[in-house]
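The primary structure of each chain is shown beneath.
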Amino acid sequence: MKQKTLIPLIVFLLGICLVGIILYKVDSHETAQNHTTALLNATTYGERIKNEITEGIDVTDVLKQILISESGEFNQFDMIAENLMSDSIESVQLAPNGVVTDIYPSTGNEAGKIDLLHDKDRGKISCYARDNHTIITQGPFKLKQGGSGIAVRNPIFLKDENGLEYFWGFTIVVLRVPDIFSDAVSALSSFGYEYRISKTDAPWSDTYNIISQSNDSLINPVSYTFTIGEEEWMFEVAPQGGWRNNLLITKTSVILIANVILLSVLTCVWLTSKENKNRFQILAHTDSLTNIYNRYGFDELAAKMIAKNPKTHFVAALFDIDDFKFINDIYGHGYGDKALKCLADNMKAFFPSDAILGRNGGDEFCVLLPNYTFEEAEAQLQQFTSLPKTFSCRGREQQFYISLGYAEYPTFASSLSQLMRCADAALYEIKLHGKNGCMSYSKKLQSVVRKQLGFALRDISEHLPGAFIIYRADKEDDELFYANHEFLSMTGYQSMDEFFRLTNKSFHNLIREDEQQQIEASIWKQIDSGNENDYIHFHLRKADGSYLSVLDHGRIVESPQYGKVFYVLFMDWEDMHIHYSDKFSG
């Protein structure tokens, strides 16, 4: 009887001890896991919030670029501001010399026309932005239209005609809170988290002001900090029910007397650990933006596939987006990301299911096609290259193009790395042939020197042995686009800005007045008769108002963006007579 009592008691006590240890391990693991997951969410959505604020700041940068291009003048403010507005923007403002003069929309914002540099609430931080050449954010503050807002002020500095920098004023956007964060915090709330967004009340302060928060208080939150301008922002996250999984602990405690249930709990913990391990392995091999393999994942899987099937033919393709920097510069990095995701979606839809798809980084992508030869892959890759590729920007579809190079294993390569180098050589060869195309690798490409891709417009134009300009050829409204340093030096203009200002950006104003009608008629007679490349002699206006006798050699081309465009090279007529007098006399 004692044994029947003692042994079960010992088993029970041992079981209690074992379960106690397991409960401790489970609790520690779950708490740590919740912290890890919460920190990942704080980082992910903190970056998204930063990007959403940055998109608002981009509006002030657009206004800044317009002011720079127009030498401090700003025409059609309401029309431009209307196009820049979004659901989370309360107003767009201009403040020359620190005084708000233009607000869109104007209705209900009349009281906002104030002197920022001398206002008791805004003066100190506005002066700081001006003196330190930095963007500042101020708020939150109550909006008269209801809700709260944050003001983003971007100090603008221009150069006068002497090249000296001066303070023009501010471009301003007022962001609605919490509208600017609505997408990120809504997604986070759906995952069961409370949040709080704070920022330092000034660049020189360590005191944080709460910008927005959920209804409940946060218990030991994890945080993610980021910087905008010189101000620190903090995004804090905590689970709604706290860090401890009390339900799991309670259920596990109840089932201590049942070894079967205890086994189920252990099995559940094992499965949870395995699931977490698989999830992190996927994250390590996958590109988070496009959801295809990253470079590490692609190389690992492709190398294994080739090693497993060394006699099988493979075709590797390497491609990137033509002029991707142009997309980022013109539309913004957010739309550049859209283009990358659209291209990845096209890859998933187009290539067969056994193809390995990857993003090497930036705008470069790769594909490995198993059981393909050059001949079998050529038509498919040509078709993929020529398929229309677009991304949506402000309700309109913007088209972009790719360049693609490909190579075959084992015809030209004995390993994956060698195969990708061959595809890379073919890619750069198509770049040299004008982009937007597809090319296969051949042995002659081994001697290609990439230095041919290293010359930019400025490198070439500034070292041409002659004065050179580009302008739009329009009978009623021509427009100067560009002049190289040689031309500015020859004509006495100190800078491109002075050149555009004194000529009113018109080629017409470079011709001596008594010759204008005759010279322009002669130019257009040549154009209308089909001559694309001819010589004209006339007197060219210099910066000081004097004239230089020149011979211009012009070529007209058709630009899809600007229509007819003239490329013109100028030669000093008197210098030509001095150096080539025998030619002229003959």
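One can find the structure itself at the top, above this paragraph.
Rules used throughout
- Residues numbered from 1 in each chain as written.
- Predicted model: local features only at pLDDT ≥ 70, side-chain atom pairs only at ≥ 80, totals over all residues.
- Heavy atoms only, no water.
- Phe/Tyr/Trp six-rings, centres within 6.5 Å; stacked < 30°, edge-to-face > 60°.
- Helix = DSSP H or I, 4+ residues; strand = E, 2+ residues; numbered from the N terminus.
- Buried < 20%, exposed > 50% of the residue type's maximum accessible area, 1.4 Å probe, protein only.
- Lys NZ or Arg CZ within 6 Å of the ring centre and 35° of its normal.
- Pairing = 2+ DSSP bridges.
- Axes fitted to C-alpha atoms, helices over the stretch in contact; angles between N-to-C directions.
- Contact = heavy atoms within 4.5 Å.
- Parallel < 35°, antiparallel > 145°, perpendicular 65-115°, else oblique.
- Nonpolar A, V, L, I, M, F, W, Y, C, P; charged D, E, K, R; others polar.
- Lys, Arg positive; Asp, Glu negative; His and termini not counted.
- Salt bridge = Lys/Arg side-chain N within 4 Å of Asp/Glu carboxyl O.
- Polar contact = N/O pair within 3.5 Å; in protein donor to acceptor, adjacent residues only side chain to side chain.

Novice: Explain the packing of aromatic side chains here, please?
Specialist: For any pair of aromatic rings, geometry is given as the distance between the ring centres together with the angle between the planes. Tallied over the entire structure, the rule returns 27 aromatic pairs. Between Phe487 and Phe499, the aromatic rings sit 5.4 Å apart at their centres with planes inclined by 65°, giving edge-to-face as the arrangement. Of the two residues, Phe487 sits in helix α13 (residues 485-491) while Phe499 sits in helix α14 (residues 496-503), which places them twelve residues apart along the sequence. Take Phe487 and Phe499: they sit in the same class, and that class is buried. Joined through ring pairs, the aromatic side chains of Tyr471, Phe487, Tyr493, Phe499, Phe500, Phe507, Phe538, Phe566 and Phe570 make up one cluster. The ring of Phe384 carries the charged tip of Lys389 above its face, separated from the ring centre by 4.7 Å. The ring of Phe500 has Lys505 lying over it, and the distance from NZ or CZ to the ring centre is 4.7 Å.

Novice: Teacher, can you tell me more about the pairing of strand β1 (residues 89-96) here?
Specialist: Consecutive side chains of a regular strand alternate in pointing toward one face of the sheet and then the other. When you tally the buried positions in β1, you get seven out of eight residues, the bulk of the element. The pairing of β1 with strand β5 (residues 165-177) spans seven bridges and is antiparallel. Bridge pairing links Gln93 to Ile172 in β5. By the bridge criterion, three bridges tie β1 to strand β2 (residues 102-104) in an arrangement that is antiparallel. Residue pairing across strands places Leu94 opposite Asp102, the latter belonging to β2. Counted along the chain from β1 to the antiparallel partner β2, the turn is five residues long, and its residue Asn97 has a positive phi close to 60°.

Novice: Is there a simple way to think about the sheet that holds β1 in this case?
Specialist: Sheets are built from strands paired through backbone hydrogen bonds, the pairs being either parallel or antiparallel. With antiparallel pairing, the five strands of this open sheet are ordered in space as β2-β1-β5-β4-β3. Of all strands in the sheet, those with a lone pairing partner are β2 and β3 (136-142), marking the two edges. Geometrically, the sheet is characterised by an average inter-axis angle of 20° between neighbouring strands, direction not taken into account. Bridge count for strand β4 (residues 148-159) against β5 is twelve bridges, and the pairing is antiparallel. Across the sheet, the residue bridging to Phe157 is Phe167, located in β5. Set on the sheet, helix α2 (residues 77-84) makes contact with β1 and β2; between it and β2 the angle comes to about 40°.

Novice: So what exactly am I meant to see when it comes to the sheet that holds strand β12 (residues 356-361) here?
Specialist: On the basis of which strands lie adjacent, the open sheet formed by six strands has the order β10-β12-β13-β11-β16-β17 and mixed pairing. The sheet is open, and its two edges are formed by β10 (293-294) and β17 (438-440), each paired on a single side. Bridge count between strand β11 (residues 314-321) and strand β16 (residues 402-409): eight bridges; the pairing is antiparallel. Directly across from Phe319, in β16, lies its bridge partner Leu404. The strands touched by helix α9 (residues 333-350) are β11, β12, β13 (364-370) and β16; relative to β13, the strand with the most contacts, the crossing angle is about 5°.

Novice: Sorry if this is basic, but what is going on with the packing of helix α8 (residues 324-331) against α9 here?
Specialist: A packed helix pair is summarised by two numbers, namely the angle formed by the two axes and the spacing between the axes. Between α8 and α9, the shortest axis-to-axis distance is 7 Å and the interhelical angle comes to 140°. Relative to α9, α8 is oriented oblique. Contacts between α8 and α9 involve Phe324, Ile327, Asn328 and Tyr331 from the first element and His333, Tyr335, Gly336 and Leu340 from the second. Considering only residue class, the contact of α8 with α9 consists of five nonpolar, three polar and no charged.

Novice: Explanation requested: the environment of Ile292 in the structure shown.
Specialist: With respect to the helices, strands and loops of the structure, Ile292 is situated in the loop between α6 (259-285) and β10. Taking the C-alpha atoms as reference, Ile292 lies 5.6 Å from Gly358; in sequence the two are 66 residues apart. Those residues within four positions of Ile292 in sequence are excluded, and the remaining contacts are His285, Thr286, Asp287, Ala344, Met347, Lys348, Leu357, Gly358, Arg359 and Phe365.

Novice: What am I meant to see in the side chain of Asp363 here?
Specialist: Within the secondary structure layout, Asp363 lies in the loop between β12 and β13. Despite its burial, Asp363 pairs with no opposite charge; the closest candidate is Lys431, at 5.9 Å N-O. One polar contact links the side chain of Asp363 to the main-chain amide nitrogen of Ile321, over a distance of 3.2 Å. Apart from the residues lying within four places of it in its own chain, the contact partners of Asp363 are Phe319, Asp320, Ile321, Phe324 and Leu340.

By themselves, these observations are geometric and do not establish any function.
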